[in-house]
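Close look at the chain arrangement
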Amino acid sequence: MYLFLRSADINDAATILEWRNDTLTRDNSFSKELIDFDTHIKWYESKLSDESCSLFILMDGAEKIGHVRIDTVNDIGRISYTIASDKRNMGYGKKIIELSEKAVSSRVKVLTGIVQSSNEPSKKCFRSNNYAEFFSGDIVSYIKII
Ligand SMILES: CC(C)(COP(=O)(O)OP(=O)(O)OC[C@H]1O[C@@H](n2cnc3c(N)ncnc32)[C@H](O)[C@@H]1OP(=O)(O)O)[C@@H](O)C(=O)NCCC(=O)NCCS
């Protein structure tokens, strides 16, 4: 296993759309509809050019494993992430959060995550990285000073 984050670029657009439209990813998202290519490209290009947003691909050697986006307001970042459906339950979700902290630590002081309470794998990923946990209805919020 040789894990690292690299910056995402326009060549990752199709892979990220595939991951965004995965059934479990849509189920766990706040908007459930499938995303069409044109909508995705507009959104993706705006994120790539947005200085308050960092987009990374988790690599295991030469293989793309997942992606993580960190949207930042001042020095507070919010994590959104997906692992490819055939790579889940292998520890990558925990690692992508750990590596994200290192990737943004020079400009972000606090990282947060907002998870649906039914999303057990994601809750485990934040807990194992020692995030504080707050329940509010169907939502669980995670926060950590990094
Ligand atoms: C959430 C997600 C990124 C986790 O990635 P992952 O690589 O599977 O995570 P890990 O393998 O590091 O850890 C998953 C943990 O959840 C556990 N798990 C998996 N399915 C589970 C379930 N249905 N109920 C309870 N625990 C479950 C695994 O056993 C593992 O725990 P363990 O290490 O204690 O055994 C992945 O499931 C995913 O991409 N989901 C779709 C998108 C998504 O939900 N993103 C997060 C939005 S907040």
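Here's a quick rundown of the structure. This is a predicted model, so every value here is computed, not measured.

Moving on, we get to the overall build of the protein chain. Across its full length, the protein chain holds five helices and seven strands. Its helices and strands in sequence order give the protein chain the pattern β-α-α-α-β-β-β-α-β-α-β-β, from N to C terminus. A globule of 146 residues ought to have a C-alpha radius of gyration of about 15 Å, and the protein chain, at 14 Å, matches this closely. Its C-alpha atoms give the protein chain principal-axis dimensions of about 35 × 35 × 30 Å.

A separate point is the sheet that holds strand β7 (residues 139-145). Read from one edge of the open sheet, seven strands run β1-β2-β3-β4-β5-β7-β6, paired in mixed fashion. Strands with a single pairing partner mark the edges of an open sheet, and in this sheet they are β1 (3-7) and β6 (132-136). Each strand axis lies, on average, 30° off the axis of its neighbour in the sheet, ignoring direction. Note: strand β5 (residues 110-116) against β7, seven bridges, orientation antiparallel. Each bridged residue has a counterpart across the sheet, and for G113 the counterpart in β7 is Y142.

Let's shift gears to unusual backbone geometry. In this structure, N74 is a non-glycine residue whose phi angle is positive, near 55°. Mapping N74 onto the fold places it in the loop between β3 (63-73) and β4 (76-83).

What follows covers helix α4 (residues 92-104). An ideal rise of 1.5 Å per residue puts 18 Å on 13 residues; α4 measures up with 18 Å between its terminal C-alpha atoms. Regarding α4, the residues found buried are Y92, G93, K95, I96, I97, S100 and V104. Where α4 is buried, its residues touch β1, β2 (53-60), β3, β4 and α5 (120-128).

Our focus in this paragraph is the nonpolar core. A general feature of soluble globular proteins is that nonpolar side chains tend to end up buried together. Counting residues in each nonpolar core, the largest one holds 25 residues, and the members touching the most others are F56, L58, V68, I79, I96 and F126. Secondary-structure elements contributing two or more residues to this core are β2, β3, β4, α4, β5, α5 and β7. Setting aside its immediate chain neighbours within four residues, F126 contacts I97, G113, V115, Y131 and Y142.

Moving on, we come to the site of the ligand. Contacts to the ligand come from 21 residues, most closely from N28, R88, G93, E120 and P121. Sorting elements by how many residues they give to the shell around the ligand places α5 first, with five residues.

With respect to the helices and strands, S105 occurs in the loop between α4 and β5. Look at S105 and you get exposed, because 12 C-beta atoms sit within 10 Å. Along the chain, S105 and I146 lie 41 residues apart, while their C-alpha atoms are 6.6 Å from each other.

Reading the values: the criteria
Residues numbered from 1 in each chain as written. Predicted model: local features only at pLDDT ≥ 70, side-chain atom pairs only at ≥ 80, totals over all residues. Helix = DSSP H or I, 4+ residues; strand = E, 2+ residues; numbered from the N terminus. Rg over C-alpha atoms; globule rule 2.2 N^0.38 Å. Pairing = 2+ DSSP bridges. Axes fitted to C-alpha atoms, helices over the stretch in contact; angles between N-to-C directions. Expected span 1.5 Å × (residues − 1). Buried ≥ 20, exposed ≤ 12 C-beta atoms within 10 Å, placed from the backbone. Contact = placed C-beta atoms within 7 Å. Core = buried A, V, L, I, M, F, W, Y, C linked by C-beta atoms within 7 Å. Near = placed C-beta within 6 Å.

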